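A structural walkthrough
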Amino acid sequence: MNNQGFFNRVYEVVKEVPYGRITTYGAIAAYLGSKGAARMVGWALNGSYTSEENIPAHRVVNRSGLLTGKRHFGGTEVMKQLLESEGVIVEEDRITRFDELFWDPAEHL
DNA sequence: GGTGTGACCAGCT
DNA sequence: AAGCTGGCCACAC
C-alpha cells in the first residue's frame, strides 16, 4: 500500500518517529530497501514542508547526528529549538546522546 | 525518455 | 588530518 512512492514512505516513517527521538537518513533509506538512497530521503523531506501533513523533519539528521538540513527549516535555530523543545539536547548543530536518542525504523516497524 | 538534482555516505588524494 | 570527488537512488522538468 505505501509502495506508491518513495517519498510517501519516507513521510510515514518520519511521522512514526516517537517524541524526543531522532533517526538518520541512512537508516530510513536502508529500511526502505535503498541503502544508497540516503540523498533521496533528504529530498523527500524537502517536499515534506509542501506536504499537507506535518512532517517532523527536525527529527531526521545525518549519520553523525548533525543537523544538516537545518537551513531548510527557514532558520538554523528553528530546528534546534524544536529538538530542545522535545527534550533533545542540541549542541553545535549536533544531537547529543545521539546513540541513545537514535530511533531505528526497522526496529520499530 | 534523457538530464539534472538533492537536507548523504564512503572512499580516495 | 582534512578536503574533495564519485556513487547511489528516486523524482521533476
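Below or above, wherever it landed, is the structure these notes cover. (Residues numbered from 1 in each chain as written. Chains lettered and ligands numbered in written order. Predicted model: local features only at pLDDT ≥ 70, side-chain atom pairs only at ≥ 80, totals over all residues. Heavy atoms only, no water.)

Here's the deal with the protein's contact with DNA strand C
To keep it simple, the criterion reads: Each residue is tested against the molecule or strand, and it is near if at least one of its non-hydrogen atoms lies within 4 Å. Identification of polar contacts relies on pairs of N or O atoms within 3.5 Å, with a donor-acceptor requirement for protein atoms, meaning one able to donate a hydrogen and the other able to accept it, and with residues adjacent in sequence counted only if both atoms are side-chain atoms. Helical segments are the DSSP runs of H or I of at least four residues, strand segments are the runs of E of at least two, and each set is numbered from the N terminus.
As a matter of local geometry, DNA strand C sits amid Gly 5, Phe 6, Phe 7, Ser 34, Gly 36, Ala 37, Arg 39, Met 40 and Trp 43. Among the atoms of DNA strand C close to the protein, meaning within 4 Å, 54% are from sugar or phosphate groups. One nitrogen or oxygen atom from the side chain of Arg 39 is found 2.8 Å from a base oxygen belonging to DNA strand C. Among the secondary structure elements, those contributing two or more residues to the surface near DNA strand C are helix H1 (6-15) and helix H3 (38-46). The greatest single-element share of the surface near DNA strand C, amounting to 3 residues, is contributed by H3.

A word on the protein's contact with DNA strand B
With respect to spatial proximity, 14 residues lie near DNA strand B, and among them Trp 43, Leu 45, Arg 63, Thr 68 and His 72 are the closest. Of everything in DNA strand B that lies within 4 Å of the protein, sugar and phosphate atoms constitute 36%. In this structure, Gly 42 approaches DNA strand B through a main-chain N or O atom, which is 3.4 Å from a base nitrogen. With 7 residues, the top contributor of residues to the surface near DNA strand B is H3.

A word on the packing of aromatic side chains
Here the distance between the centres and the angle between the planes together describe a pair of aromatic rings. We count it as follows: Put simply, two rings from Phe, Tyr or Trp (the six-membered ring, in Trp's case) pair if the centres are within 6.5 Å, and we call them stacked under 30 degrees between planes, edge-to-face over 60, tilted for the rest. Throughout, exposure labels follow a simple rule: accessible area from a 1.4 Å probe, protein chains only, divided by the maximum for the residue type, with under 20% read as buried, over 50% as exposed, and the rest as partly exposed.
Under the counting rule described, the total for this entry stands at 2 aromatic pairs. For the ring pair Phe 7 and Tyr 11, a centre distance of 6.3 Å and an interplane angle of 80 degrees mean the geometry is edge-to-face. Of this pair, Phe 7 and Tyr 11 both sit in helix H1, 4 residues apart, which is roughly one turn of that helix. With relative accessibility at 31%, the residue Phe 7 sits in the partly exposed group. Ring plane angle 50 degrees and centroid distance 5.9 Å describe the contact between Phe 98 and Phe 102, whose orientation is recorded as tilted.

Topic: the side chain of Asn 62
Its location among the elements puts Asn 62 in the loop between strand S2 (60-61) and helix H4 (76-85). Among the residues examined, Asn 62 registers a relative accessible area of 17% and is labelled buried.

Here we look at the nonpolar core
This is how the line gets drawn: Buried residues of nine kinds, namely Ala, Val, Leu, Ile, Met, Phe, Trp, Tyr and Cys, make up a nonpolar core once their side-chain atoms join them within 4.5 Å. In this analysis, two residues are considered to be in contact whenever any of their non-hydrogen atoms come within 4.5 Å of each other.
In this structure, Val 10, Val 14, Ile 28, Val 41, Leu 45 and Val 60 are the most contacted members of the largest nonpolar core, which totals 16 residues. Setting aside chain neighbours within four positions, we find Val 10 in contact with Ile 28, Leu 32, Val 41, Ala 44 and Leu 45. Ile 22, Met 79, Phe 98 and Leu 101 belong to the second largest nonpolar core, which has 10 residues in total.

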